[in-house]
Amino acid sequence: MKRIVLMIVSLMAAVTVFGQEFYPIPRAWKWIDDDDVIFSYDGTFEDSTAFVVNARTGKRMEGVKAPARYADFPVKPAGAVNLTYSPDSTMLAFTRDNDLYVLNIASGKETRLTFDGSDVILNGFASWVYYEEILGRPSRYKAFWWSPDSRKIGFYRFDNSQVPMFPIYSAFADPAAASSQSQSPRVTDLGIGGSLSEARYPKCGQTNPQVRIGIVDVDVIPGSAGNLIWADFDPTLDQYFGIPFWGPDSKEFFIARMPRLQNTIDLYAVNASDGSKRHVYNETYKTWLNWFDGVVFTDRGLYMAREFETGWQQIYFLSYDGKEFRRLTDGPNWNVTIVRVDEKKGDVYFTAKRDAVAKQALYKVDKKGVIKALTDPAYNATGISFSPDGKYFVAALSNMTVPTKVAVIANKGGVVSSGTDNICAYPIRENQDKVSGKMWSLVEINTRPDVYPCLNVVADMQGPDYDASMYALPKLVYITVADGLNLPGMIVYPKNFDESKKYPVHVDIYGGPNTPMVRDRWVKPNAVNQWYSDNGIIQITVDPRAAGHNGRAGLDMIYRQLTVWEVKDFCEWAEALQKLPYVDGDKIGVEGFSFGGTMTSMLLMQAPDKFHYGIAGGGVYDWALYDSHYTERYMDTPQNNPEGYEASKVLNYVSGYPTEYSGASAEPVMLKLTHGTGDDNVHHQNTLQLLDALHKEGKKFDFMIYPDGMHGYYGYQGTHFLKANQEFWLEYLKTK
């Protein structure tokens, strides 16, 4: 649940435009050498529209192709999952039926490396909770890693035998839950057109998979001495292991470990020859810790962003032997990604939200600790790619009202950054109209484009006929909540907005920890995002303190009581909206999916005087029903924190939802619930229990089920979801 789930629909076509308002921009770019960078519109670098720009001269050359060395696999063994080249490109590793294999490309010889794979023993293929919460969805369940010298493979072996099985019923013979996990779970054909998927899913407080960490030498005959060794960890302990990484010399395999409570992290270096481990680093924190992510490895050690010391994320250097550990940055950095390290000069380049809220810039910190912004913080900078010699970089720049530009930029100059312009990081300097419960707009930061490095814009989405006044575009707004934190939102007013009229409001939310919805970046106008404006509805997206805009100061407050502070923050947003003279205070709707579905239902039950209509999709309505790793990170276990789980349970607030069967032609409050029956992330069980609680209380509500729908609705289900929701909003926000 750590990522926002996007509804994929088929109605995202651009709105009708006249003339040349928007140009396509490249989808991908990469450096060919120190001076030349190629841009591709389809990401293949073989398209006819691909072009090369010389960063030094600015010269542009069309019709150049530079495809990846290996765009596909020369051999595709039957049943192979997660085919992965060795670093020297001579071999392929993969899993089949939960065992690990390697194939020599030249000879075609296939070698089996493990021999005990089954429906509960997974070698190199992740157990569900690791896939979802630790390795991440982009891993596609892959849990093996080549050493840099291509001689060894480290892998995780998962024992699911004690993990509770959760059945997911499908009315179809080919269930979506099974197809989402190509080697698991076990699927039973019920012989009547239906099927049953047996997913191994640890809910809060239940048994997690046991993990052993193996290292296999691909040059040694399987089964002989030295072929397979196991890292010196006790698999019976209640623990988690993070994404591992190899040392540059392939002699050590680095493993991060946390206890189940997730408030301590240790880094170990495992000897790849005998499995012995060496302790490198320890970190503790009062609430929870996050895994190492985006670590950059050099010959001397590693560079990483951590958030245990200052309340914000800082960059640290850690030597491989653990003897040298130092902080390189300070200030209100968040969402830090290290993109380049120049050890010779002592410079580290990173992107972060630092000088502005809801958008990131590129920064450099030098060996003296001076931080400079290399891109203007008024624009969101993404796709950063440095030339091999570090003299130039490419960036895509945009914000809510400026279409994306792709530029080649010289790596020089920049502006010293103090971080003090970050509205959410420091107290407000002008307080006269920025009081608790009042919504206010940002006075734009004074930027100095003349002191930022010269841009060579190679692609601009904005065409000559673009007219911003033709579209409803968002603007940043803020509120200061009762305890002084500043929270951002982005509001879109209807076209031809008239302050003398009253408008209904649609509020879009998520609310999950460190998952902001408010992002100051360009989104091309289309039929979906212009729909609210076209129908005379104010659209606003808002974040609570849990989103991370306030650093750990906001996040730590939600520990052991998910949804409690979030409800308070969202209610302050509603109160601020109701004070606006052009808002119909009785027509405020709210919508969210996943964690946003949880919050939407919570708001209609706890604050129906503020939020009157809501669509809650795929929500968790009892946190004891969600997975162990995610929920316990913020809540501890149900056994250790029963009060917190009760306070965070939507099921406990059903009586506060006021709408019952009364014969009224129009309800002042209405909740709509949706869920996919194939959802293997937030199980449909959550919504079934909420439906039952609503039935017991005699409540009137709306409900839509999506057969075999997953955690997000796609294709025809996505189209139906969108159209049904639009009709809901027209009925309840626009009907008097």
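The structure this text deals with has already been given above.
None of these values were measured; they are calculated from a predicted model.

Q: Can you help me understand the overall build of the protein in this one?
A: Along its length, the protein carries 10 helices and 43 strands. Scaling as 2.2 N^0.38, a compact globule of 736 residues should have a C-alpha radius of gyration of about 27 Å, and the protein matches this with 27 Å. Counting only C-alpha atoms and orienting by the principal axes, one finds that the protein spans roughly 80 × 70 × 50 Å. Within the protein, counting contacts between residues at least 6 apart in sequence, those at least 24 apart form 62% of the total. Of the charged side chains in the protein, 74 are positive and 87 negative, and the gap between their average positions amounts to 4 Å.

Q: Help me understand the packing of helix 1 (residues 128–135) against helix 7 (residues 628–635) in this model?
A: Think of two packed helices as two axes; the pair is described by the angle between the axes and how far apart they sit. It is the contact of helix 1 with helix 7, at a shortest axis distance of 8 Å, that shows an interaxial angle of 50°. With respect to helix 7, the axis of helix 1 lies oblique. Contacts between helix 1 and helix 7 pair Val 129, Glu 133 and Ile 134 from the former with Ser 628, His 629, Tyr 630 and Arg 633 from the latter.

Q: What is the right way to look at unusual backbone geometry in this model?
A: Working note: non-glycine residues mostly have negative phi, and peptide bonds are mostly trans. One non-glycine residue, Ser 250, lies in positive phi territory at about 65°. Position of Ser 250 among the secondary structure elements: in the loop between strand 18 (245–246) and strand 19 (252–259). Owing to a relative accessible area of 5%, Ser 250 belongs among the buried residues under this scheme. At Ala 358, a position not held by glycine, the phi torsion is positive, near 70°. Structurally, Ala 358 is set in the loop between strand 27 (347–353) and strand 28 (361–365).

Q: Got a minute to help me understand the sheet that holds strand 5 (residues 81–85) in this structure?
A: Adjacent strands of a sheet form backbone hydrogen bonds with each other and so pair up, either parallel or antiparallel. The sheet built from 4 strands is open, its strands ordered 5-6-7-8 with antiparallel pairing. Each having just a single partner strand, strand 5 and strand 8 (110–112) make up the two edges of the open sheet. Looking at each pair of strands side by side, their axes are set apart by 20° on average, direction ignored. Strand direction decides the pairing type here: strand 6 (residues 91–96) and strand 7 (residues 99–104), joined by 6 bridges, are antiparallel. Across the sheet, residue Met 91 finds its bridge partner in strand 7, namely Asn 104.

Q: Help me understand the packing of helix 5 (residues 564–578) against helix 6 (residues 595–606), please; the structure alone is not making it clear to me.
A: Between helix 5 and helix 6, whose axes approach to 10 Å, the crossing angle comes to 70°. Considered as vectors, helix 5 and helix 6 are oriented roughly perpendicular to each other. The chirality of how helix 5 crosses helix 6 is right-handed. Across the interface between the two elements, Glu 566, Val 567, Phe 570 and Cys 571 of helix 5 pack against Phe 595, Met 599, Met 602, Leu 603 and Gln 606 of helix 6. Broken down by class, the residue content of the contact of helix 5 with helix 6 amounts to 7 nonpolar, 1 polar and 1 charged.

Q: What am I meant to see in the sheet that holds strand 4 (residues 60–62) here?
A: Strand order across the open sheet formed by 4 strands is 1-2-3-4, with antiparallel pairing between neighbours. Each edge of the open sheet is held by one strand with a lone partner, namely strand 1 (28–31) and strand 4. Taken pair by pair, the neighbouring strands of this sheet meet at an average axis angle of 20°, ignoring direction. Taken together, the 4 bridges between strand 2 (residues 36–40) and strand 3 (residues 51–54) define a ladder with antiparallel strand orientation. Counterpart to Phe 39 in the pairing with strand 3 is Phe 51.

Q: Honestly, the environment of Gly 294 in this entry has me stumped. Any pointers?
A: Tracing the sequence through the fold places Gly 294 in the loop between strand 21 (277–284) and strand 22 (296–297). Along the sequence, Gly 294 and Met 304 sit 10 residues apart, while their C-alpha atoms lie 7.0 Å from each other. When neighbours within four sequence positions are excluded, Gly 294 is seen to be in contact with Tyr 303 and Ile 338.

Q: Can you walk me through the state of the cysteines in this structure?
A: For the coordinates displayed, the defined rule picks out 0 disulfides. The thiol of Cys 424 is not disulfide-bonded; the next cysteine sulfur, from Cys 571, is found 19 Å away. Residue Cys 424 is classed as buried on the basis of its relative accessible area, which comes to 6%. Exposure remark for Cys 571: the relative accessible area of 11% places this residue in the buried category.

Q: What exactly am I supposed to notice about the side chain of His 683 here?
A: Here His 683 shows up in the loop between strand 42 (670–676) and helix 9 (685–696). His 683 sits in the buried class, given a relative accessible area of 1%. Engagement of the side chain of His 683 in a polar contact is seen with the side chain of Lys 203, the distance being 2.8 Å.

Q: Would you mind going over helix 1 with me for this structure?
A: What sets the pattern is the α-helix's 3.6 residues per turn: residues three or four places apart point alike. Within helix 1, 8 of the 8 residues are buried, leaving the element largely enclosed by the surrounding structure. Every buried residue of helix 1 is listed here: Trp 128, Val 129, Tyr 130, Tyr 131, Glu 132, Glu 133, Ile 134 and Leu 135. Packing partners of the buried residues in helix 1 comprise strand 10 (144–146), strand 11 (152–159), strand 14 (195–200), strand 15 (210–217), strand 17 (239–241) and helix 7. With its phi angle positive at about 95°, Gly 136 sits one or two positions after the end of helix 1.

Q: Even after reading the chapter, I still don't get the pairing of strand 1, so can you show me in this structure?
A: Note on strand geometry: in a regular strand, side chains alternate between the two faces of the sheet. Here 4 bridges tie strand 1 to strand 2, and the two strands are oriented antiparallel to one another. Looking at the pairing, Trp 29 lines up with Phe 39 of strand 2. Hairpin geometry of strand 1 and strand 2 is characterised by an intervening segment of 4 residues between the two adjacent antiparallel strands.

Q: Would you mind going over helix 9 with me for this structure?
A: In this model, helix 9 (12 residues) spans 17 Å end to end at C-alpha, consistent with the 16 Å of a helix rising 1.5 Å per residue. Buried residues along helix 9 sit against helix 6, strand 42 and strand 43 (702–706). In the stretch just after helix 9, Gly 698 is the one whose phi turns positive, near 70°.

Q: Which parts of the structure should I look at to understand the pattern of salt bridges?
A: Once the charged atoms of two side chains with opposite charge are near each other, the side chains can pair. For the coordinates displayed, the defined rule picks out 34 salt bridges. In this structure, Asp 116 and Arg 157 form a salt bridge, with 2.9 Å as the shortest nitrogen-oxygen distance. Taken together, the residues span a long stretch of sequence, with Asp 116 in the loop between strand 8 and strand 9 (121–123) and Arg 157 in strand 11 at a distance of 41 residues. Assessed through its relative accessible area of 36%, Asp 116 is described here as partly exposed.

Q: For this particular structure, what's the right way to read the nonpolar core?
A: Across soluble globular proteins, nonpolar side chains have a tendency to be buried as a group. Ranked by size, the top nonpolar core spans 128 residues in total, and within it Tyr 130, Tyr 156, Leu 267 and Val 507 carry the most contacts. Look past the residues within four positions of Leu 267 in its chain and what remains in contact with it is Phe 245, Phe 254, Ile 255, Ala 256, Arg 278, His 279, Val 280, Tyr 281, Phe 292, Leu 302 and Leu 318. Counting residues in each nonpolar core, the second largest holds 22 residues, with Phe 22, Val 394, Val 406 and Trp 522 among its members.

Q: Mind showing me how you'd approach the pairing of strand 27 here?
A: Taken across its 7 residues, strand 27 has 7 buried, putting it largely inside the fold. Where burial is concerned, the two faces of strand 27 agree: the one with Asp 347, Tyr 349, Thr 351 and Lys 353 and the one with Val 348, Phe 350 and Ala 352 are both buried. For strand 26 (residues 334–342) and strand 27, the ladder comprises 6 bridges, and the chain directions are antiparallel. Residue pairing in the sheet places Asp 342 in a bridge with Asp 347 of strand 27.

About the cut-offs
Residues numbered from 1 in each chain as written. Predicted model: local features only at pLDDT ≥ 70, side-chain atom pairs only at ≥ 80, totals over all residues. Heavy atoms only, no water. Helix = DSSP H or I, 4+ residues; strand = E, 2+ residues; numbered from the N terminus. Rg over C-alpha atoms; globule rule 2.2 N^0.38 Å. Contact = heavy atoms within 4.5 Å. Lys, Arg positive; Asp, Glu negative; His and termini not counted. Charge placed at Lys NZ, Arg CZ, Asp CG, Glu CD. Axes fitted to C-alpha atoms, helices over the stretch in contact; angles between N-to-C directions. Parallel < 35°, antiparallel > 145°, perpendicular 65-115°, else oblique. Buried < 20%, exposed > 50% of the residue type's maximum accessible area, 1.4 Å probe, protein only. Pairing = 2+ DSSP bridges. Left-handed = near helix turned anticlockwise from the far one by under 90°. Nonpolar A, V, L, I, M, F, W, Y, C, P; charged D, E, K, R; others polar. Disulfide = S-S within 2.5 Å. Polar contact = N/O pair within 3.5 Å; in protein donor to acceptor, adjacent residues only side chain to side chain. Expected span 1.5 Å × (residues − 1). Salt bridge = Lys/Arg side-chain N within 4 Å of Asp/Glu carboxyl O. Core = buried A, V, L, I, M, F, W, Y, C linked by side-chain atoms within 4.5 Å.

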